[in-house]
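Overview (structure and organization)
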Amino acid sequence: MSGGGGTYDFDDDEKDAAKASGKPRKDFDCPSCHANNPVDDALSQGDEVRCNYCGAEFKVSVNSEGRVKFREI
Ligand SMILES: [Zn+2]
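Attention here is on the structure that accompanies the text. Keep in mind that what you see is a predicted model, and the values were worked out from it rather than measured.

**So, the coordination of the zinc ion**
Around the zinc ion, the protein contributes the donor atoms Cys30 (SG), Cys33 (SG), Cys51 (SG) and Cys54 (SG), which lie 2.3 Å from the metal centre. If you look at the zinc ion, its four donor atoms make angles of 106 to 115 degrees with each other, and the shape they trace is tetrahedral. Each donor residue of the zinc ion belongs to the same chain, and together they define the spacing C-x2-C-x17-C-x2-C. Its relative accessible area of 34% is what places Cys33 among the partly exposed residues.

Listed below in structure tokens is the structure:
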């Protein structure tokens, strides 16, 4: 670092990922029972989520268009 007056700060990786994939999802609809579940962090590739209603667990995958898909674990 030579004091170049950098204005770039490293921020949360999650934020960058969310920015790259459009808007972050802060909830998801259970593919099994269609209940809407809130999540603490925006969903991202490889996340595992659990439906609070039916207890089903899903693995999150995000495609290149930023669409979120769920695969039952
Ligand atoms: Zn469910």
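**Things to note about the sheet that holds strand β3 (residues 48-50)**
The strand order across the open sheet formed by three strands is β3-β4-β5, and the pairing between neighbours is antiparallel. At either end of the open sheet lies a strand with only one pairing partner, and these are β3 and β5 (68-72). In this sheet, neighbouring strand axes are inclined to one another by 40 degrees on average, regardless of whether the strands run parallel or antiparallel. Sheet analysis places strand β4 (residues 57-62) next to β5, joined by five bridges and oriented antiparallel. Within β5, the position partnered with Phe58 by the bridge is Glu72.

What counts as what
Every chain begins its residue count from 1, and numbering advances along the sequence as written. With pLDDT at 70 or above as the cut-off, local features in this predicted model cover only qualifying residues; side-chain atom pairs require 80 or more to be listed or tallied, and sums for whole chains, interfaces and linings still use all residues. Here the side-chain values reflect all heavy atoms present in the structure, with hydrogen atoms and water set aside. Coordination shells were defined by N, O and S atoms within 2.8 Å of each metal, extended to 3.2 Å for Na, K and Ca; water is absent from the atom set, which can make sites look incomplete. Working rule for geometry: tetrahedral if four donors all subtend angles between 85 and 135 degrees; square planar for four, octahedral for six, if opposite donors exceed 155 degrees and the others stay between 65 and 115; irregular in every other situation. The buried label goes to any residue with under 20% of its type's maximum accessible area, the exposed label to any with over 50%, and the partly exposed label to all in between, with areas taken from a 1.4 Å probe on protein chains only. Between any two strands, at least two bridges found by DSSP are needed for them to pair. The secondary structure listing takes helices from DSSP runs of H or I that are at least 4 residues long and strands from runs of E that are at least 2 residues long, numbered from the N terminus. A fitted line through C-alpha atoms represents every axis, and for helices the fit uses only the stretch in contact; the resulting angles, taken between N-to-C directions, go from 0 to 180 degrees.

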